[in-house]
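# Structure at a glance
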There are 2 protein chains.
Amino acid sequence: MASVIFTECSSSTMLRLNHLNRRNGSYLPRPCVSLRSTASGRGCTLSIRSSSPSAIVINGMAEAKKIRDDIKTEVSRMKESIGVVPGLAVILVGENEESATYVRNKKKACKSAGIQSFEVLLPEDSSEEEVLRSVSGFNDDPCVHGILVQLPLPSHMDEQNILNAVSIEKDVDGFHPLNIGRLAMRGGKPLFVPCTPKGCIELLHRYNIGIKGKRAVVIGRSNIVGMPAALLLQREDATVSIIHSKTKNPEEITREADILVSATGQPNMVRGSWIKPGAVVIDVGTKRVEDSSAPCGFRWAGDVCYEEACKVASAITPVPGGVGPMTIAMLLVNTLASAKKIHNFK
Amino acid sequence: MASVIFTECSSSTMLRLNHLNRRNGSYLPRPCVSLRSTASGRGCTLSIRSSSPSAIVINGMAEAKKIRDDIKTEVSRMKESIGVVPGLAVILVGENEESATYVRNKKKACKSAGIQSFEVLLPEDSSEEEVLRSVSGFNDDPCVHGILVQLPLPSHMDEQNILNAVSIEKDVDGFHPLNIGRLAMRGGKPLFVPCTPKGCIELLHRYNIGIKGKRAVVIGRSNIVGMPAALLLQREDATVSIIHSKTKNPEEITREADILVSATGQPNMVRGSWIKPGAVVIDVGTKRVEDSSAPCGFRWAGDVCYEEACKVASAITPVPGGVGPMTIAMLLVNTLASAKKIHNFK
């Protein structure tokens, strides 16, 4: 998506080189190194600037830690009371590096919370039937309370077919169309809500940011983030607009937002000038971009030009350390909730 | 919904007295009689004005007739070829007069298209189980290809439970959460799309009104119209905003719309000043209001102040004769499609 959108700001593309600074357990943005294209759009001039952000930095890392600690306590209580350990199964098809990293992080988070991890790794050229067999196995396994099929799946598979096959009682990713349908319907009661948008809303709640009656703009309409985020914001009584690659004037619409959620994976697409003064900015974009100055040769970049946004927004999530950690925390929340429901444990 | 919205324009409420004029088989709005409230909002002055609309009137009545004629031909072909007659079952609970009228019209339309009608009328105080038994009976009946539970249901029933019980293959109203979920998801393939919003989009298509890249505003977020209309417009690549009772500045947002769909049931809520010059206005609201000057003592009023809107919009649906007739036409389309699918008839 967002080819049109990206074109609209590409004439003055600025790459924010945002580093990770750990201070007292929280992540802080380092002064930025900005690459500004020249008027011709070909050459670059390098300037090193010190950012003076005025926005509150929404610390997803710290909030996620609190949530994970609470889950750990609950998992222990459940094990001691009824001898049941919540279990999460992950199905990963192919060798997408970002997916593999994400799955690794999930396993680590499960382990640290005391949740049992199950995993099936299938080669890229597996058939749809093989994936469906794995789903079916986990559907029937009483030790598994949550099933997650890591997306994206290889293009020869019908994603809808596979997501449909996950038992709705174990659909901790919330991607089953029945859960999405219930999320869309007023009065609908989804068993699970997709983790990333759920994490966004949780952050707003935890920072006491009112949603009701606010103008919310969601950039991106993916099934994983944009669409369910828009539905969730609407359920909280925001007035929601959804921007996508066919939107002609994204900048103008974005500037109307009291709450802006961006989920396009287009690094630095949202400039400071796109943001209404005082808006709350939730940056879901997490793109790995090459960075020879970083110790590992890359860094994670958000959709939002953080340095510029900080000066306009009232609150903002950094990348990394904002929405990312909340996604996994919400997955653990959903898995625990599923285990409690299945075993009728309060 | 829309109590807040309604308050915002109530200080100068104008009641459009829109009558039905049949000329050459099409419905035309009569010159309006306007009731204007005084500055105090108590008294009224009566003025009779001749409207000079510049907008194209989108003739839903004529389009619906063409569709119904096509269906009739297809139903005959199906009967002659494989001996199957499509069947539509309606479950009506209680004695809501508007629902009863709607059901009567459905039966009439079915009959004229050659579609078989089935009907269950249950008293207001029926139990949820009784409704579920009727649904189940129709699910199993091979003569029934479409099942429609007339909404609203009495408040002691769980609407979600009942809609869930309709076999998804016969869900011609498109309200099953699985169909809604598929409608919401990119790449999702709903078996059926709710009839009223489907009718709105069909009218736009039939009048060659482009949707892709346009700003669309939907007023109202009901499960029946507003929400699915927003999802459909988004599937057609519009940039969609949804306005509801908690929206603080509906007028301002509505004025951004290239395509405006209003579905609140608040007569004359949308004033001419709410509409962007040249916008296309789809008025879904159909409210029965008392009118002693009408032969039957009432008239149907839309959400949009038609007389004012005509002078600003480029195209507009009248009430009645706009979206209304398309709803039933789409129901017949869905029922025929269901019968064809079940019997694998091309």
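Residues numbered from 1 in each chain as written. Chains lettered and ligands numbered in written order. Predicted model: local features only at pLDDT ≥ 70, side-chain atom pairs only at ≥ 80, totals over all residues. Heavy atoms only, no water.

When its secondary structure is counted, chain A shows 11 helices and 16 strands. When burial is assessed residue by residue, chain A has 55% of its 346 residues classed as buried. Relative to all contacts within chain A whose residues are 6 or more apart in sequence, the contacts with residues 24 or more apart total 68%. (Helix = DSSP H or I, 4+ residues; strand = E, 2+ residues; numbered from the N terminus. Buried < 20%, exposed > 50% of the residue type's maximum accessible area, 1.4 Å probe, protein only. Contact = heavy atoms within 4.5 Å.)

Turning our eyes to something else, we now look at the interface of chain B and chain A. Taken together, the contact pairs 35 residues of chain B with 35 residues of chain A. Counting each side, the surface lost to burial between chain B and chain A is near 3,300 Å², with a carbon and sulfur contribution of 54%. Among the residues chain B hides against chain A, the three largest losses belong to Met185(B), Arg186(B) and Arg221(B). Together they make up 20% of the total. Remark: the boundary between chain B and chain A carries four salt bridges. Where Arg215(B) meets Glu256(A), a salt bridge forms, and the shortest distance between an N and an O atom there is 3.9 Å. Applying the counting criterion to the chain B and chain A interface returns 13 residue pairs in polar contact (both at pLDDT 80 or more). Only helix H5 (159-165), helix H6 (177-184), helix H8 (226-235) and strand E11 (239-243) of chain B provide two or more residues apiece to the side of chain B that touches chain A. Broken down by element, the residue count for the side of chain B that touches chain A peaks at six residues, all from H6(B). Classifying every residue of the side of chain B that touches chain A gives 13 nonpolar, 13 polar and nine charged. (Buried area = accessible area lost by both parts, 1.4 Å probe. Salt bridge = Lys/Arg side-chain N within 4 Å of Asp/Glu carboxyl O. Polar contact = N/O pair within 3.5 Å; in protein donor to acceptor, adjacent residues only side chain to side chain. Nonpolar A, V, L, I, M, F, W, Y, C, P; charged D, E, K, R; others polar.)

Quick look at the packing of helix H3 (residues 97-113) of chain A against helix H11 (residues 323-342) of chain A now. Residue and element names in this part refer to chain A. Taken N-terminus to C-terminus, the directions of H3 and H11 make an angle of 55°; their axes are 10 Å apart at the nearest point. The angle between H3 and H11 falls in the class oblique. Note that H3 runs across H11; the crossing there is right-handed. Contacts between H3 and H11 involve Tyr-102, Asn-105, Lys-106, Ala-109, Cys-110 and Ala-113 from the former and Thr-327, Ile-328, Leu-331 and Leu-332 from the latter. (Axes fitted to C-alpha atoms, helices over the stretch in contact; angles between N-to-C directions. Parallel < 35°, antiparallel > 145°, perpendicular 65-115°, else oblique. Left-handed = near helix turned anticlockwise from the far one by under 90°.)

Glancing now at the confidence of the model for chain A. Averaged over all residues, the pLDDT of chain A equals 87, while 85% of them reach at least 70. Note on residues 1-51 of chain A: pLDDT under 50 across the span, and 113 contacts to partners over four residues away in sequence or across chains. (pLDDT = per-residue confidence, 0-100.)

All names here are of chain A. Summed over the entire model, instances satisfying the criterion amount to two aromatic pairs over all chains. Taking 5.7 Å as the distance between ring centres and 85° as the angle between the ring planes, the aromatic pair formed by Phe-298 and Trp-300 counts as edge-to-face. Seen from the ring of Phe-298, Arg-288 lies directly overhead, with NZ or CZ sitting 3.9 Å from the centre. (Phe/Tyr/Trp six-rings, centres within 6.5 Å; stacked < 30°, edge-to-face > 60°. Lys NZ or Arg CZ within 6 Å of the ring centre and 35° of its normal.)

Residues and elements named next belong to chain B. Here strand E10 (residues 215-219) lies mainly inside the structure; five of its five residues are buried. Alignment of E10 against E11, held across five bridges, turns out to be parallel. Bridged to Val-218 within E11 is Ile-242. Assessed by its sense of winding, the connection that carries the chain from E10 through H8 to E11 is right-handed. Both E10 and strand E12 (residues 259-262) contribute to a ladder of four bridges, which runs parallel. Bridged to Ala-216 within E12 is Ile-259. (Pairing = 2+ DSSP bridges. Right-handed = clockwise from strand over helix to strand, strands pointing away.)

Time to look at the sheet that holds strand E8 (residues 116-122) of chain A. The strands making up a sheet are joined through hydrogen bonds of the backbone, oriented either antiparallel or parallel. All names here are of chain A. Pairing within the open sheet is parallel, and its three strands lie in the order E8-E7-E9. Two strands in the sheet have a free side with no partner beyond their single neighbour: E8 and strand E9 (146-149). Pairs of neighbouring strands in the sheet enclose a mean axial angle of 15°, with direction left out of account. With four bridges connecting them, strand E7 (residues 87-93) and E9 associate as parallel partners. Bridge pairing in E9 links Ile-91 to Val-149. Contacting E7, E8 and E9, H3 runs over the sheet at an angle of about 165° to E7.

Residues and elements named next belong to chain A. Considering all chains together, one arrives at 30 salt bridges over all chains under this definition. In this structure, Glu-202 engages Arg-206 in a salt bridge whose closest nitrogen and oxygen atoms are separated by 2.8 Å. Taken together, the residues span about one helical turn, with Glu-202 and Arg-206 both in helix H7 (residues 195-206) at a distance of four residues. Judged by relative accessible area, which is 31%, Arg-206 ranks as partly exposed. A single network of salt bridges, built from pairs that share partners, joins Glu-63, Lys-66, Glu-202 and Arg-206.

On to the side chain of Arg271(B). Residue position: Arg271(B) is located in the loop between E12 and strand E13 (280-283). Polar side-chain contacts of Arg271(B) include one of 2.5 Å to the side chain of Glu308(B).

Note: a rotation about an axis with an accompanying shift along it relates these two copies of the chain. Superposing chain B onto chain A takes a rotation of 180° combined with a translation of 0.0 Å along the rotation axis, leaving an RMSD of 0.0 Å. The operation mapping one copy onto its partner corresponds to a two-fold rotation axis. Residues of chain B ranked by C-alpha distance from the rotation axis are headed by Gly181(B), positioned 1.7 Å from it. Residue by residue, 100% of the interface of chain B is reproduced at the interface of chain A, so both copies engage with the same surface. (Least-squares fit on C-alpha atoms with pLDDT ≥ 70 in both.)

Residue and element names in this part refer to chain B. Looking at where His-156 falls in the secondary structure, it is placed in the loop between strand E9 (146-149) and H5. Residues His-156 and Asp-125 lie 31 residues apart in sequence; the distance between their C-alpha atoms is 8.6 Å. Beyond its immediate chain neighbours, meaning those up to four positions away, His-156 contacts Glu-124, Asp-125, Ser-126 and Glu-128.

Core analysis: the largest hydrophobic core is formed by 154 residues, its most contacted members being Leu233(A) and Leu233(B). Setting aside chain neighbours within four positions, we find Leu233(A) in contact with Ile201(A), Leu204(A), Ile211(A), Ala216(A), Val218(A), Ala238(A), Val240(A) and Val261(A). (Core = buried A, V, L, I, M, F, W, Y, C linked by side-chain atoms within 4.5 Å.)

Attention shifts here to H6(B). The buried count for H6(B) comes to eight of eight residues, which makes it a mostly enclosed element. Along H6(B), the residues that are buried comprise Pro177(B), Leu178(B), Asn179(B), Ile180(B), Gly181(B), Arg182(B), Leu183(B) and Ala184(B). Buried positions along H6(B) lie against helix H5 (159-165), helix H6 (177-184) and helix H8 (226-235) of chain A together with H5 and H8 of chain B.

Residues and elements named next belong to chain A. The terminal C-alpha atoms of H7 lie 16 Å apart, and with 12 residues this matches the ideal 16 Å at 1.5 Å per residue to within 8%. Residues Cys-195, Thr-196, Pro-197, Gly-199, Cys-200, Ile-201, Leu-203 and Leu-204 constitute the buried set of H7. Against the buried residues of H7 lie helix H2 (60-82), H8, strand E12 (259-262), strand E13 (280-283) and H11. Looking one or two residues past H7, Asn-208 carries a phi angle of roughly 50°, positive in sign. (Expected span 1.5 Å × (residues − 1).)

Moving on, we come to unusual backbone geometry. Cis peptide bonds are those with omega within 30 degrees of zero, and the linkage from Val319(A) to Pro320(A) qualifies with 0°. Put simply, Leu151(B) and Pro152(B) share a cis peptide bond, and its omega is 0°. If you trace the backbone, Pro152(B) turns up in the loop between E9 and H5. Residue Asn208(A) is not a glycine yet carries a positive backbone phi of 50°. Tracing the sequence through the fold places Asn208(A) in the loop between H7 and strand E10 (215-219). Note on Asn208(A): relative accessible area 73%, which makes it exposed. The phi angle at Asn344(B) is positive, at roughly 50°, despite the residue not being glycine. Mapped onto the elements of the fold, Asn344(B) is located in the segment after helix H11 (323-342).

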